[in-house]
Amino acid sequence: MLFLKSLLFIVWNIVLGMGLVYFLRWFLFNGKARYFFGKRCILTPGFLVRKREWLFVKVRDLLHDYLRQAENPKLSDGYLKKWEGMIRNFIWEKSEFVDGWLFLTAKMKLKIRDMIADSFTGVASKFLRRTVPRLLEQYRVEHRIDDYDFQFSIDFFLRYYNLYVHKYLMYFIIALNFIVGVMNMILYLIIG
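For clarity, every value in this text was computed on a predicted model and none was experimentally measured.

(A) Geometry of the pattern of salt bridges. Per the stated rule, a full pass over the model turns up eight salt bridges. Across the pair R88 and D114 runs a salt bridge, and its minimum N-O distance is 3.3 Å. With R88 in helix α3 (residues 79-94) and D114 in helix α4 (residues 106-138), the pair connects residues that are 26 residues apart, well separated along the chain. One network of salt bridges, with partners in common, ties together R52, R60, D146 and D149.

Listed below in structure tokens is the structure:
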């Protein structure tokens with residue numbers, strides 16, 4: 001009878017390991033929110049489902065924000081305006097060789113440095129505000145984001161997880177928990 005009780009250690013360890021592997025898959029790929037006693041379980045929807053949705057929403061927001069800033073050069077709080085300011089400051093610092101020119105007044109040197117900085121800033125501004133949005137439209141980036149959103153659905157990840165991870169993880173956990181169960185059984189038989 002004692003030996004039969006000790007066999008339950010093996011069964012218990014294997015069932016516990018399999019439960020953990022199934023919980024991991026549920027934690028990663030659960031598609032909808034679950035509610036207990038009227039409150040949403042914080043583990044639902046699954047981790048990969050939430051992160052995938054967050055990623056595609058973030059990419060779309062970044063694209064729309066960039067296009068909004070590119071359309072309106074008067075926006076002073078956008079990152080495009082900051083980039084243009086950084087380019088202007090960089091060119092201003094790099095054009096200090098003009099100060100070494102002889103036979104020019106300080107006002108003329110300042111005007112030349114301003115013209116150099118403004119011209120490079122204008123080129124960068126035209127590139128950032130006209131060329132990049134035109135390329136985004138030409139290559140249909142927004143439609144490609146939607147295509148990738150459809151292509152990399154959660155079913156895509158779940159299929160590859162089941163094919164390459166879940167099965168082998170299950171074999172590994174069963175083998176590991178079988179060994180741990182045998183060790184627990186032997187320890188129980190020694191103590192008992």
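(B) Broad picture of a nonpolar patch on the surface. Taken together, the side chains of M1, L2, F3, L4, L7 and L189 define a hydrophobic patch exposed on the protein surface, amounting to about 590 Å² of accessible area. The element that contributes the greatest number of residues to the nonpolar patch is helix α1 (residues 2-29), accounting for four residues. Structurally, L2 can be placed in helix α1.

(C) Just helix α6 (residues 154-191), in detail. The sharpest bend along α6 measures roughly 45 degrees and falls at N162. Of the positions making up α6, those classed as buried are I154, Y161, H166, M170, I173, N177, G181 and M185. Packed against the buried residues of α6 are α1 and α2 (47-71).

(D) Representation of the packing of aromatic side chains within the structure. Enumeration according to the criterion identifies 15 aromatic pairs in this entry. When the ring of F27 is compared with that of F47, the centres are 6.1 Å apart and the planes differ by 10 degrees; the resulting orientation is stacked. One end of the pair, F27, is in helix α1; the other, F47, is in helix α2, and 20 residues separate them in sequence. A relative accessible area of 23% places F27 in the partly exposed class. Taking the relative accessible area as the measure of exposure, F47 reaches 33% and is therefore partly exposed.

(E) Structural detail: unusual backbone geometry. Of note in this structure, F103 is not a glycine but carries a positive phi near 65 degrees. Looking at where F103 falls in the secondary structure, it is placed in the loop between α3 and α4. You will see that R140, though not glycine, has its phi angle at about 50 degrees, which is positive. One can find R140 in the loop between α4 and α5 (141-151).

(F) Main features of the environment of F127. Note on placement: F127 falls in helix α4. Through-space distance from the C-alpha of F127 to that of K111 is 24 Å; in sequence the pair is 16 residues apart.

(G) Inspection of the packing of α1 against α2 at higher detail. α2 packs onto α1 with a crossing angle of 20 degrees between their chain directions and a minimal axis gap of 3 Å. Relative to α2, α1 is oriented roughly parallel. Every residue of α2 that contacts α1 at F27, L28 and F29 is listed here: F47, L48 and V49.

(H) Region of the structure containing the packing of α2 against α4. Here α2 crosses α4 at 140 degrees, and the two axes come no closer than 9 Å. Our classification of the angle between α2 and α4 gives oblique. Regarding α2 and α4, the two cross each other, and that crossing is left-handed. Contacts from L63, Y66, L67, Q69 and A70 in α2 reach L128, R129, V132, P133 and L136 in α4. Split into classes, the residues belonging to the contact of α2 with α4 amount to eight nonpolar, one polar and one charged.

Basis of the calculations
- Residues numbered from 1 in each chain as written.
- Predicted model: local features only at pLDDT ≥ 70, side-chain atom pairs only at ≥ 80, totals over all residues.
- Heavy atoms only, no water.
- Salt bridge = Lys/Arg side-chain N within 4 Å of Asp/Glu carboxyl O.
- Helix = DSSP H or I, 4+ residues; strand = E, 2+ residues; numbered from the N terminus.
- Patch = residues over 30% accessible without salt bridge, like charges linked within 9 Å, V, L, I, M, F, W, Y side chains within 5 Å.
- Areas by Shrake-Rupley, 256 points an atom, 1.4 Å probe, with all protein chains shown as cover.
- Bend = angle between axes of the 7 residues up to and from the residue.
- Buried < 20%, exposed > 50% of the residue type's maximum accessible area, 1.4 Å probe, protein only.
- Contact = heavy atoms within 4.5 Å.
- Phe/Tyr/Trp six-rings, centres within 6.5 Å; stacked < 30°, edge-to-face > 60°.
- Axes fitted to C-alpha atoms, helices over the stretch in contact; angles between N-to-C directions.
- Parallel < 35°, antiparallel > 145°, perpendicular 65-115°, else oblique.
- Left-handed = near helix turned anticlockwise from the far one by under 90°.
- Nonpolar A, V, L, I, M, F, W, Y, C, P; charged D, E, K, R; others polar.

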